[in-house]
Amino acid sequence: MTDTDVVPAVPAAPVKTPPDQRRRAWTVTALLVVFMMVNFADKSVLGLAADPVREDLGLSASAFGLANSAFFLLFSICGAAVGLLADRVRPKWLLLTMAVLWSLSQAPLVLGGGLTVLVASRVLLGAAEGPAFPVAQQTTLSWFPNHRRNLPGALIVLGITLGVLVAAPVLTWVIHEHGWRTAVAVVAVAGAVWALLWIPFGGEGPYAGRRGSGTPEPVPADGPGAGADRTAHGFDADPAADSREADRVAEAAEDVAGAGGAARGTPYRRILATRTWIGATAAYFGTYWVIAFCLVWLPSYLHDGLGYSSVASTRLLMLVWGLSGVVVLGQAGLTGWLLRRGSSSRRARGGVGGVLLLVGAGACLALPAAPAGAATVVLLVAGFGCAGAMGSVAATTVAELAPADRRGGALGIMNAVVTTAGLIAPTLVGHLVDTHGTAGYRQALLITGVLLLLGGIAAVTLIDPARDARLLSTRRADPLAPDHDAPRQLA
């Protein structure tokens, strides 16, 4: 038996792609960054308007926390369901549907109503926003080969930071000048505008790898061996041509041979049982806990717990999210540099992401005992700012592990598990504040520190996508190995 009997050779026939593919890839990425900005502006508006909303509707801290937790009631379920659907339906239309539903779900709250309308609006909005991050990541990463995914993946996470950085000053001004319902109207209109732009400019890339859709799956880009023909005809006459051709050849070989991830058709249960998926999910859970804390309770903690004015609280909030954005980009750059130097994803992704979580954990655990003043600010900014990069690490890690036809489901189910933190954190912190006053914030910080500590340990010790991809692909690499799952044949 020859090697080609075991692993099919990469097809020699080139599959032509448009000459502006790289420009289109970054256009789609930019649109999806804005998509995540709108997504998190929607989430943050109630946190920024916490005091006016509570005063207007007569809500206790527990009731306000419950209203925010209602956002996550269907968030996780819809995230998993639509993530699985994204392996069968074009993500372009799923993303468009989400953006339209965001705007429609907030319309009743703009027009009036009390706690019931608030809860109903947040439940519907959460259901529509639940799949946003995994489907956005899946769509963005479909434009890039594995070793080029760190920056675009990080930019999608950066959209979270930019959304809050833009929303904090703009929506705070709108809330103070025109009321919190007007601020809700602003973010609803932003979602509608994005949907109009996505229709002509959005779409999936050549690494989407969906099968069973009736369309042949292309070898990414122009196909191996096409570089000489293009050079002969005057194409790719730039210094980066060889690098791009190497990317295409390497990714095509991975796609066919299974070296870049598990074999196609691998059952979801096997992917979800890997140490890498479990470690990435546990680590990302800690990050999402921090995100939920920041969105719902950090403005109130800065104002009520630490005594800062509204203006100072907004500035500190922007500082936290600003550092988070810097850390996300720094992590992407460091991870990409390590991968290019031959480091494994275990070190480049799991190691870097895990260490950042451990730094955040140390800061959060030290914060309750820190003296008021500069030390508190430094620990607060470091604790919350260093935790954000794990979202990008988790997404690119799972995308490396899972085959293209299982990527949407693997990301969606991870997101569903992780975002239960958004269901638990606001209610728990609200209960602690109602029960213990401002001391409840200190207890919430200790819980946050412990979760980040456990997540950091999980990332460092469990994440190794290359190892787990090899384990998942064992049967494909050795087709003569006995299949213990197959029914026995009678002699």
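Criteria and thresholds
Residues numbered from 1 in each chain as written. Predicted model: local features only at pLDDT ≥ 70, side-chain atom pairs only at ≥ 80, totals over all residues. Heavy atoms only, no water. Helix = DSSP H or I, 4+ residues; strand = E, 2+ residues; numbered from the N terminus. Buried < 20%, exposed > 50% of the residue type's maximum accessible area, 1.4 Å probe, protein only. Contact = heavy atoms within 4.5 Å. Areas by Shrake-Rupley, 256 points an atom, 1.4 Å probe, with all protein chains shown as cover. Core = buried A, V, L, I, M, F, W, Y, C linked by side-chain atoms within 4.5 Å. Expected span 1.5 Å × (residues − 1). Patch = residues over 30% accessible without salt bridge, like charges linked within 9 Å, V, L, I, M, F, W, Y side chains within 5 Å. Salt bridge = Lys/Arg side-chain N within 4 Å of Asp/Glu carboxyl O. Lys, Arg positive; Asp, Glu negative; His and termini not counted. Charge placed at Lys NZ, Arg CZ, Asp CG, Glu CD. pLDDT = per-residue confidence, 0-100. Axes fitted to C-alpha atoms, helices over the stretch in contact; angles between N-to-C directions. Parallel < 35°, antiparallel > 145°, perpendicular 65-115°, else oblique. Left-handed = near helix turned anticlockwise from the far one by under 90°. Nonpolar A, V, L, I, M, F, W, Y, C, P; charged D, E, K, R; others polar.

Trainee: Sorry if this is basic, but what is going on with the overall build of the chain here?
Mentor: Within the chain, the regular secondary structure consists of 24 helices and zero strands. Out of the 491 residues belonging to the chain, those deemed buried represent 55%. The long-range share in the chain, meaning contacts at least 24 apart out of those at least 6 apart in sequence, stands at 84%. Within the structure as shown, the chain displays about 19900 Å² of accessible surface, and the carbon and sulfur contribution to it stands at 67%.

Trainee: Honestly, the side chain of Ser 313 in this entry has me stumped. Any pointers?
Mentor: Here Ser 313 is to be found in helix H16 (residues 310–340). Overall, Ser 313 belongs to the buried group, its relative accessible area being 6%. In this view, Ser 313 contacts Pro 299, Leu 302, His 303 and Tyr 308; residues no more than four positions away in its chain are not counted.

Trainee: When you look at the nonpolar core in this model, what are you seeing that I'm missing?
Mentor: In globular proteins that are soluble, nonpolar side chains generally tend to be buried together. Core analysis: the biggest nonpolar cluster contains 130 residues, and Leu 32, Phe 35, Met 98, Tyr 288 and Met 414 have the highest contact counts within it. Non-local contacts of Met 98, meaning those with residues more than four positions away in its chain, are made with Phe 35, Val 82, Ala 128, Pro 131, Ala 132 and Val 135.

Trainee: How do you make sense of H16 when you look at a structure like this?
Mentor: The periodicity of an α-helix, 3.6 residues per turn, causes residues three or four positions apart to be oriented the same way. Over its 31 residues, H16 runs 45 Å from end to end, which matches the ideal 45 Å to within 8%, given 1.5 Å per residue. Positive phi appears at Gly 342, one or two residues downstream of H16, with a value of about 95°.

Trainee: In this structure, what is going on with a negative patch on the surface? I would like to understand it.
Mentor: Taken together, the side chains of Asp 51, Glu 55, Asp 56 and Asp 304 present a region of like negative charge at the surface. For the negative patch, the leading source of residues is helix H3 (residues 50–57), giving three residues. Within the fold, Glu 55 resides in helix H3.

Trainee: Explanation requested: a nonpolar patch on the surface in the structure shown.
Mentor: Together, Val 355, Leu 358, Val 359, Leu 365, Leu 446, Val 450, Leu 453, Leu 454, Ile 457 and Val 460 make up an exposed nonpolar region whose accessible area comes to about 760 Å². A total of six residues in the nonpolar patch trace back to one element, the largest contributor, which is helix H22 (residues 439–462). Considering the arrangement of structural elements, one finds Leu 446 in helix H22. On the basis of relative accessibility, which here comes to 38%, the residue Leu 446 falls in the partly exposed class.

Trainee: How should I be thinking about the confidence of the model for the chain in this particular structure?
Mentor: Caution is warranted with low-pLDDT regions, since their predicted coordinates should not be read in detail. With 82% of its residues at a pLDDT of 70 or more, the chain has an overall mean of 81. Confidence drops under a pLDDT of 50 for residues 1–17, and excluding neighbours within four residues, the segment shows 26 contacts in the predicted structure. In the model, residues 211–244 has pLDDT below 50 throughout and makes 50 contacts with residues more than four positions away in sequence or in other chains.

Trainee: Is there a simple way to explain the packing of helix H14 (residues 275–296) against H22 in this structure?
Mentor: Packed helices, taken two at a time, are described by the angle their axes make and the gap between the axes. At a minimum axis distance of 8 Å, the contact between H14 and H22 shows a crossing angle of 155°. As the angle between them shows, H14 and H22 are arranged roughly antiparallel. Crossing of H14 against H22: the hand is left-handed. Seen from H14, the contacting residues are Arg 275, Thr 276, Ile 278, Gly 279, Ala 282, Ala 283, Phe 285, Gly 286, Thr 287, Trp 289, Val 290 and Phe 293; seen from H22, they are Ala 444, Leu 445, Ile 447, Thr 448, Leu 451, Leu 452, Gly 455, Ala 458, Ala 459, Thr 461 and Leu 462. Its residues assigned to classes, the contact of H14 with H22 comprises 15 nonpolar, seven polar and one charged.

Trainee: In this structure, what is going on with the packing of helix H6 (residues 91–111) against helix H10 (residues 180–201)? I would like to understand it.
Mentor: Their axes nearest at 8 Å, the elements H6 and H10 cross at an angle of 160°. Overall, the two elements H6 and H10 adopt an arrangement that is roughly antiparallel. In terms of crossing hand, the pair formed by H6 and H10 is left-handed. Where H6 approaches H10, its residues Lys 92, Leu 95, Leu 96, Ala 99, Val 100, Ser 103, Gln 106, Leu 109 and Val 110 are matched on the opposing element by Trp 180, Arg 181, Val 184, Ala 185, Val 187, Ala 188, Gly 191, Ala 192, Trp 194, Ala 195, Trp 198 and Ile 199.

Trainee: Can you help me understand helix H18 (residues 374–385) in this one?
Mentor: With twelve residues, H18 should reach 16 Å at 1.5 Å per residue; the first-to-last C-alpha distance of 16 Å fits that figure. Within the span of H18, buried status applies to Thr 376, Val 377, Leu 380, Val 381, Ala 382, Gly 383, Phe 384 and Gly 385. Those residues of H18 that are buried lie in contact with H14, helix H15 (298–305), H16, helix H17 (345–366) and H22.

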